[in-house]
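Take a look at the letters that make up each chain.
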Amino acid sequence: MSIPVCLTFAELLGLLMFQGSLTHDELSDEATIRESLQYAVLQTDLYAMESYALRAMAMYEGNGKPEDFEYVTSLAAAITRVFGVSA
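As the structure is a prediction and not an experimental result, all values here were calculated from the model. (Residues numbered from 1 in each chain as written. Predicted model: local features only at pLDDT ≥ 70, side-chain atom pairs only at ≥ 80, totals over all residues. Heavy atoms only, no water.)

1. A few points about the layout of surface pockets
Remark: the empty space left among the atoms is shown by a probe the size of a water molecule rolled over them. Computed from the structure, the largest pocket encloses a volume of approximately 360 Å³. Lining the largest pocket are 13 residues, and of these Ile3, Val5, Leu37, Gln38 and Val41 sit closest to its centre. With 5 residues, the single largest contributor to the lining of the largest pocket is helix H2 (residues 30-43). Its residues placed into classes, the lining of the largest pocket shows 10 nonpolar, 2 polar and 1 charged. (1 Å grid on protein atoms, 1.4 Å probe; cavity = no way out; pocket = protein on both sides within 12 Å on 5 of 7 lines; lining within 4 Å. Points joined across faces, edges and corners; volume = space filled by probe spheres on them. Helix = DSSP H or I, 4+ residues; strand = E, 2+ residues; numbered from the N terminus. Nonpolar A, V, L, I, M, F, W, Y, C, P; charged D, E, K, R; others polar.)

Set out below in structure tokens:
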């Protein structure tokens, strides 16, 4: 049984940043990204998801360490490629 879910770009980014555990090298593998998202959704409640989304978007907008910004922009590009959504 599958349950359809509509997630925003910020929610996808937050889930994959803070629950996804993806390495920089794994961002090129669509199947790994999808699997990581499935795990993240199952492990996260709605309040945490909102918090993750806010934190991730702050990092995406440049509020954080330079090494975090590099990862978050790479993850954002992967999200756009795999799921077809963007900021």
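2. Focus: the side chain of Thr44
Looking at the element boundaries, Thr44 is found in the loop between H2 and helix H3 (46-60). A polar side-chain atom of Thr44 sits 2.7 Å from the main-chain carbonyl oxygen of Ala40. Each residue touching Thr44, except ones within four places of it in the same chain, is listed here: Leu15, Gln19, Met49 and Tyr52. (Polar contact = N/O pair within 3.5 Å; in protein donor to acceptor, adjacent residues only side chain to side chain. Contact = heavy atoms within 4.5 Å.)

3. Brief notes about the confidence of the model for the protein chain
Do not read the fine detail of predicted coordinates wherever pLDDT is low. With 99% of its residues at a pLDDT of at least 70, the protein chain reaches an overall mean of 93. Ranking the elements of the protein chain by mean pLDDT puts helix H4 (residues 66-83) last, at 93, and helix H1 (residues 9-18) first, at 97. (pLDDT = per-residue confidence, 0-100.)

4. A word on the packing of aromatic side chains
The final tally for this structure, using the stated rule, is 2 aromatic pairs. With a centroid separation of 5.4 Å and an interplanar angle of 35°, the aromatic rings of Phe18 and Tyr52 are classed as tilted. Taken together, the residues span a long stretch of sequence, with Phe18 in helix H1 and Tyr52 in helix H3 at a distance of 34 residues. Judged by relative accessible area, which is 25%, Phe18 ranks as partly exposed. For the cation-ring pair, Arg55 lies above Phe18, with the distance from its terminal atom to the ring centre recorded as 4.0 Å. (Phe/Tyr/Trp six-rings, centres within 6.5 Å; stacked < 30°, edge-to-face > 60°. Buried < 20%, exposed > 50% of the residue type's maximum accessible area, 1.4 Å probe, protein only. Lys NZ or Arg CZ within 6 Å of the ring centre and 35° of its normal.)

5. What to know about the packing of H1 against H4
Relative orientation of the contacting elements H1 and H4 amounts to 120°, with a least axis distance of 10 Å. Considered as vectors, H1 and H4 are oriented oblique to each other. When the axes of H1 and H4 are compared, the crossing they make is right-handed. Two secondary-structure elements touch here, H1 through Phe9, Leu12, Leu13, Leu16 and Met17 and H4 through Tyr71, Val72, Leu75, Ala76, Ile79, Thr80 and Phe83. For the contact of H1 with H4, the class distribution of residues is 11 nonpolar, 1 polar and no charged. (Axes fitted to C-alpha atoms, helices over the stretch in contact; angles between N-to-C directions. Parallel < 35°, antiparallel > 145°, perpendicular 65-115°, else oblique. Left-handed = near helix turned anticlockwise from the far one by under 90°.)

6. With respect to unusual backbone geometry
In this structure, Ser21 takes a positive phi of about 55° despite not being glycine. Topologically, Ser21 is positioned in the loop between H1 and H2. Residue classification places Ser21 among the exposed positions, given a relative accessible area of 64%.

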